[in-house]
2 protein chains.
Amino acid sequence: MKVKVAVEALAALAQESRLAVFRLLVQAGQAGVSAGALGDKLGIPPATLSFHLKTLFHAGLVQSRTEGRFVIYSANFTEMDRLIAYLTEHCCAGDATQCAPIRKC
Amino acid sequence: MKVKVAVEALAALAQESRLAVFRLLVQAGQAGVSAGALGDKLGIPPATLSFHLKTLFHAGLVQSRTEGRFVIYSANFTEMDRLIAYLTEHCCAGDATQCAPIRKC
DNA sequence: TTAATATTTCCATAACATTGGAAATATAGA
DNA sequence: TCTATATTTCCAATGTTATGGAAATATTAA
C-alpha cells in the first residue's frame, strides 16, 4: 500500500460521523446499509451524510450499489485489511512477544 | 475504546510525516528511536518533527523516555491494538469468511 | 563555567475540512 | 404523467491543521 492511499484512508476514518458510518458498515457485512438508513441510525442530515460517504468512497473504504431508489453502501474489507497490514508491517523488530493480537470475526 | 480517542488516534496517523514516524517506531519495537534520529531518517526539520511527535504522544500512540540528552520515542503497541480492535469490532455480521486477516509480527 | 549538542516552544502564514439548508437529480408506483 | 421518496450537488461561513525559522530550554563534557 502506498503512503498517500493509507493517509487518505486514515483521514477518512478520523472524523466522528465517518468512523461511525464505517463501523456500522463493518458490522453489517456484505449486505450493507442504505444511505437513508445510515442517516436515520446516526442522526446525520442528508447533505452532510452524502459528503461523508463520498469521502469514505473516495478513500476506497466503502463501496456502493443501487437497488431501486436506494443506494446501498458496504465496507471494503480488503482495503481495511490492507490498511491494518500497512500500519503493523514488520512490527516489533520481528519479536512477536512484544505485540499481540490476532483478529477474528 | 471511546469514539473520541479513536478519532484522535486516526487523525494523528492521517498525516504523511506522522504516519512515517509511527511506522518507523512500530518497526523499531520497544527499543525506540531518538527524536534526532527520526528527523534525520525522515528529513523532517526539528520544529516540525517536535510538533508531530507531540500530536502522536497526545493521541497515545507513542511514548517517550529521556536518556541523557536524547529523548527516545517508541510506539504504544497496546494502543495500536486497541485501535485496530475498535475498527474491526463485530465485523462481517459474524461471518469470518467475509473478512480475512490474521496479523503476525 | 563555557561550549556543543538535542529538543521544544513560539509565531504567523497558508491550506484544508466541516456543516447543513436549499435546489437539483433520480427512481418507483399510481 | 404526476407525486412521493431517496440521494446528491452547490455554496459560503466557520473552524482546524501544517509548516519551519528563530529563540528558548536542557543536558553533557571539558
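Look a little higher up for the structure.
Note that the coordinates shown come from a computational prediction; the quantities given were computed from them, not determined experimentally.

Caption draft 1: Focus on the overall build of chain A. Secondary structure summary: chain A contains five helices and three strands in total. Within chain A, the fraction of its 105 residues that count as buried is 33%. Pairs at least 24 residues apart make up 54% of the contacts formed inside chain A by residues separated by at least 6 positions.

Caption draft 2: Up close: the protein's contact with DNA strand D. In the vicinity of DNA strand D there are 22 residues, among which A:Gly36, A:Pro46, A:Ala47, B:Ala47 and B:Gly68 approach most closely. When residues of the surface near DNA strand D are traced back to their parent elements, those giving at least two are helix H3 (35-42), helix H4 (46-58) and strand S3 (70-75) of chain A together with helix H4 (46-58) of chain B. Here the surface near DNA strand D gets six residues from one element, more than from any other, and that element is H4(A). Here the residues of the surface near DNA strand D are counted per class, giving eleven nonpolar, eight polar and three charged.

Caption draft 3: Looking closely at the pairing of strand S2 (residues 62-67) of chain A. Residue and element names in this part refer to chain A. When S2 meets S3, the two strands line up antiparallel, connected through six bridges. Directly across from Val62, in S3, lies its bridge partner Ala75. In sequence, S2 turns back onto S3 through a hairpin of two residues, with Gly68 there showing a positive phi of about 60°.

Caption draft 4: Focus on the environment of A:Thr48. Position of A:Thr48 among the secondary structure elements: in helix H4. Separated by 31 residues in the primary sequence, A:Thr48 and A:Ser17 have C-alpha atoms spaced 9.3 Å apart.

Caption draft 5: Seen up close, unusual backbone geometry. The phi angle at A:His90 is positive, at roughly 50°, despite the residue not being glycine. Within the fold, A:His90 resides in the segment after helix H5 (77-88).

Caption draft 6: Layout of the packing of helix H2 (residues 16-28) of chain B against helix H3 (residues 35-42) of chain B. Residues and elements named next belong to chain B. In contact at an axis separation of 11 Å, H2 and H3 are set at 120° when each is read in the N-to-C sense. Taken together, the axis directions place H2 and H3 in an arrangement best described as oblique. The element H2 and its partner H3 pack so that their crossing is right-handed. Taking contact as the criterion, the partners of Ser17, Ala20, Val21 and Leu24 in H2 are, on H3, Leu38, Lys41 and Leu42. For the contact of H2 with H3, the per-class residue count stands at five nonpolar, one polar and one charged.

The rules behind these values
Residues numbered from 1 in each chain as written. Chains lettered and ligands numbered in written order. Predicted model: local features only at pLDDT ≥ 70, side-chain atom pairs only at ≥ 80, totals over all residues. Helix = DSSP H or I, 4+ residues; strand = E, 2+ residues; numbered from the N terminus. Buried ≥ 20, exposed ≤ 12 C-beta atoms within 10 Å, placed from the backbone. Contact = placed C-beta atoms within 7 Å. Near = placed C-beta within 6 Å. Nonpolar A, V, L, I, M, F, W, Y, C, P; charged D, E, K, R; others polar. Pairing = 2+ DSSP bridges. Axes fitted to C-alpha atoms, helices over the stretch in contact; angles between N-to-C directions. Parallel < 35°, antiparallel > 145°, perpendicular 65-115°, else oblique. Left-handed = near helix turned anticlockwise from the far one by under 90°.

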